[in-house]
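Structure assessment
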Amino acid sequence: MTGSALTDSALKRARLAQNLTQEEAADQLNEITGGATDASLLSAWESGRKRTGVRNRRALSQLYRERSEVLFAHQDGRDTASALEATGTDVVVRVLTRYTDLVEAMVEVVAGAREHLVVTGSRSREKAYLAAIETAVAQQPDLVHYRVLYGPPRHRGLSEHLVRLLELRDPGERRNGVKTLHIGLVEPLEAMERYFVASETAAVVPLPSFHGGAEGFDCGVLLGREAAVGLVQHGREACASARPVETLEAVRALPVRHGATPGLGEA
């Protein structure tokens, strides 16, 4: 996660997770409240320079679908971790110690995505997981999907998955003015690879094996909304700085790096 994402308030991260500019968020807020909030006032709320009133707090919680205690912790002199603890929301929802639990949780994150789905890593090969992503893209036209590659695909199955995504959606098209498919390759190739899948409500981060083996990734953690929002933003920023790989020709030109780690193949 970037330094800016770590220091941003939960209120700002909630807006970014919905892919809203401050002007757009202010307009939607005003539709709920009948008020006259503008982008400069929203910015002051997000930075903590001004406190949000009761009516707008209630409306922003409705707009972002998040607890008031979390969204406005920075205004109330409480850190986000304390706010999450006070409201009974754990950052780590569950530790996934078995491979089957890990795959099931990743599929559930994908199936539950409605607004954003961010997937990072170049080692995916679990068929059920890749199929779930393709189903989500096919069945939810408003879902914005980001795939961030760290180096070429490690398995033929991932390369074929990217081709299927491009057959399902054209990255050059816009739905309601929004681009809904982003595929990017992070360069240089020496960049540290990240593995996670995140939606606007939950995320899974695969971890090195608890059961032995130096390079297996068959365990992980299921994270709640607050962490997921931060990971969505991290993935979007990584994709924005990556080299686009958004045509069939570009995907098919990527070499497949065979002989990768046995196991899940990360996100």
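Conventions and cut-offs
Residues numbered from 1 in each chain as written. Predicted model: local features only at pLDDT ≥ 70, side-chain atom pairs only at ≥ 80, totals over all residues. Heavy atoms only, no water. Pairing = 2+ DSSP bridges. Helix = DSSP H or I, 4+ residues; strand = E, 2+ residues; numbered from the N terminus. Contact = heavy atoms within 4.5 Å. Axes fitted to C-alpha atoms, helices over the stretch in contact; angles between N-to-C directions. Parallel < 35°, antiparallel > 145°, perpendicular 65-115°, else oblique. Nonpolar A, V, L, I, M, F, W, Y, C, P; charged D, E, K, R; others polar. Expected span 1.5 Å × (residues − 1). pLDDT = per-residue confidence, 0-100. Patch = residues over 30% accessible without salt bridge, like charges linked within 9 Å, V, L, I, M, F, W, Y side chains within 5 Å. Areas by Shrake-Rupley, 256 points an atom, 1.4 Å probe, with all protein chains shown as cover. Salt bridge = Lys/Arg side-chain N within 4 Å of Asp/Glu carboxyl O. Buried < 20%, exposed > 50% of the residue type's maximum accessible area, 1.4 Å probe, protein only. Core = buried A, V, L, I, M, F, W, Y, C linked by side-chain atoms within 4.5 Å.

**Observations concerning the sheet that holds strand β8 (residues 203-207)**
On the basis of which strands lie adjacent, the open sheet formed by eight strands has the order β1-β9-β8-β7-β2-β3-β6-β10 and mixed pairing. Each edge of the open sheet carries a strand with a single partner, namely β1 (92-96) and β10 (243-244). Examined bridge by bridge, strand β7 (residues 196-199) and β8 share two bridges and lie antiparallel to one another. Pairing of A198 across the sheet is with A203, part of β8. The strands touched by helix α8 (residues 99-112) within the sheet are β1, β2 (116-120), β7, β8 and β9 (219-223), with β8 carrying the most contacts at an inclination of about 150 degrees.

**So, the packing of helix α9 (residues 127-139) against helix α10 (residues 156-168)**
Closest axis-to-axis distance for the α9/α10 pair is 10 Å, and the angle between their directions is 5 degrees. Compared by their axis directions, α9 and α10 come out roughly parallel. Facing L130, I133, E134, V137 and A138 of α9, the residues of α10 in contact are G157, L158, H161, R164, L165 and L168. A per-class count over the contact of α9 with α10 returns seven nonpolar, two polar and two charged.

**A few points about helix α3 (residues 22-33)**
The terminal C-alpha atoms of α3, which comprises twelve residues, lie 16 Å apart, in line with the 16 Å expected from a rise of 1.5 Å per residue. For α3, the elements touching its buried residues are α2 (10-17), α4 (39-47) and α5 (54-64). Count one or two residues on from α3 and you reach G34, which has phi positive near 75 degrees.

**Quick notes on the confidence of the model for the chain**
Across the chain, the average pLDDT comes to 85, with 85% of residues at 70 or higher. Contacts for the low-pLDDT stretch residues 1-6, under 50 throughout, to residues beyond four places or in other chains number nine contacts. For residues 259-265, every residue scores under 50 in pLDDT, and the model assigns this stretch 21 contacts once sequence neighbours within four places are set aside.

**Notes on unusual backbone geometry**
Most peptide bonds take the trans configuration, and most residues that are not glycine carry a negative phi. Of note in the backbone geometry, N19 takes a positive phi value of approximately 60 degrees without being a glycine. Note on placement: N19 falls in the loop between α2 and α3. Of note, the phi angle at N176 is positive, near 55 degrees, even though the residue is not glycine. In this fold, N176 is placed in the loop between β4 (174-175) and β5 (178-179).

**Quick word on a nonpolar patch on the surface**
Judged by side-chain polarity, V91, V92 and V95 come together as a nonpolar surface patch covering roughly 230 Å² of accessible area. Relative to the assigned elements, V91 resides in the loop between α7 (80-86) and β1. Judged by its relative accessible area of 40%, V91 falls in the partly exposed class.

**Notes on the nonpolar core**
Across soluble globular proteins, nonpolar side chains have a tendency to be buried as a group. One finds V110, L117, Y129, I133, V197 and V204 to be the most contacted residues of the largest nonpolar core, which totals 32 residues. Listing elements by their share of this core, those giving two or more residues are α8, β2, α9, α10 and β6 (181-186). Here this core takes six residues from α9, the largest share from any one element. The next biggest cluster of nonpolar side chains, apart from the first, holds 18 residues, and it includes V118, Y146, V221 and V232.

**Some thoughts on the pattern of salt bridges**
Any two side chains of opposite charge can pair, given that their charged atoms come close. Applying the stated criterion across every chain, the model contains eleven salt bridges. What emerges from the salt-bridge pattern is a single network uniting R123, R154 and E193.

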